[in-house]
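Summary of structural features
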Amino acid sequence: MATSIKNKIKSIRELKNYTQEYMAEQLGVTQAGYSKIEKGKTILSYVKLVEIARILEVSVEDILSFDSERYFSSFNKVIGNNNGSILINTDENSATLKLLYEDKIMLLEKLLAKTEAELERYKEKFGPL
């Protein structure tokens, strides 16, 4: 079954652990406006798709060809047991896993820097805590 572009964008955004709020801020739209893109309630122009790809740090081609079922089935090997499932990473996927964690770390570092800058602004405005 072919996955729509809106679902591909959402899947990649979630893999990167980006929120709709973050995407909206980067695009200069409201969260509700961005949500309409992922729900397919607004027409997605090529220019907007290029901008989304830039924010997600992937190419437009990566978005268009993204197949979450193929990605996840090749990314992980899952062994089931009576208590749930254990996720096992194979050697061939360790590089991909490393990239995902690096992306997550980079996002957290950006959020931390933004929070620290905001804290400094408050200190300047209201004095030290």
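Further up the page is the structure itself.
These figures come from a predicted structure and were not determined experimentally.

So, the environment of L56
- Here L56 shows up in helix α4 (residues 46-56).
- Judged by its relative accessible area of 0%, L56 is buried.
- The spacing of L56 and L15 is 41 residues in sequence and 9.8 Å in space, taken between C-alpha atoms.
- Each residue touching L56, except ones within four places of it in the same chain, is listed here: I9, I12, R13, K16, Y18, M23 and I63.

A look at helix α2 (residues 20-27)
- Among the residues of α2, those classed as buried are Q20, Y22, M23, A24 and L27.
- One or two residues past the end of α2 sits G28, with phi positive at roughly 75°.

As for the nonpolar core
- I9, M23, Y34, I52, L56 and I63 are the most contacted members of the largest nonpolar core, which has 18 residues in total.
- Sort the elements by how many residues they give to this core and α4 lands first, with five residues.
- With residues near it in sequence (within four places) discarded, M23 still touches R13, Y18, Y34, I52, I55 and L56.

Some details on the environment of S45
- The topology assignment puts S45 in the loop between α3 (31-39) and α4.
- Relative accessible area serves as the criterion here: at 37%, S45 is assigned to the partly exposed category.
- A distance of 3.1 Å separates a polar side-chain atom of S45 from the backbone nitrogen of K48.

A look at the pattern of salt bridges
- All chains considered together, the criterion is met by six salt bridges.
- One salt bridge in this structure joins E25 and K114, with 2.8 Å as the shortest N-O distance. Placement of E25 in helix α2 and of K114 in helix α7 (residues 94-126) is noted, with a sequence separation of 89 residues between them.
- Judged by relative accessible area, which is 43%, K114 ranks as partly exposed.

Cut-offs and rules
Residue positions within a chain follow its written sequence, with the count starting from 1. Residues qualify for local features only when their pLDDT is at least 70, as the model is predicted, and side-chain atom pairs are given and counted only at 80 or more; totals for whole chains, interfaces and linings, by contrast, use all residues. For the side-chain quantities, the full set of heavy atoms in the structure was used; hydrogens and water were omitted. For the purposes of this entry, the term helix denotes a DSSP run of H or I that reaches at least four residues, the term strand denotes a run of E that reaches at least two, and both are numbered from the N terminus. To sort residues, take the accessible area from a 1.4 Å probe on protein chains only and compare it with the maximum for the residue type: under 20% means buried, over 50% means exposed, and anything in between is partly exposed. Here, two residues are considered to be in contact whenever any of their heavy atoms come within 4.5 Å of each other. As used in this record, nonpolar core signifies buried Ala, Val, Leu, Ile, Met, Phe, Trp, Tyr and Cys residues forming a set joined through side-chain atoms within 4.5 Å. Residues adjacent in sequence count toward polar contacts only when both atoms are side-chain atoms; beyond that, a polar contact is any pair of N or O atoms within 3.5 Å, and within protein one must be able to donate a hydrogen and the other to accept it. Counted as salt bridges are all cases of a side-chain nitrogen of Lys or Arg within 4 Å of a carboxyl oxygen of Asp or Glu.

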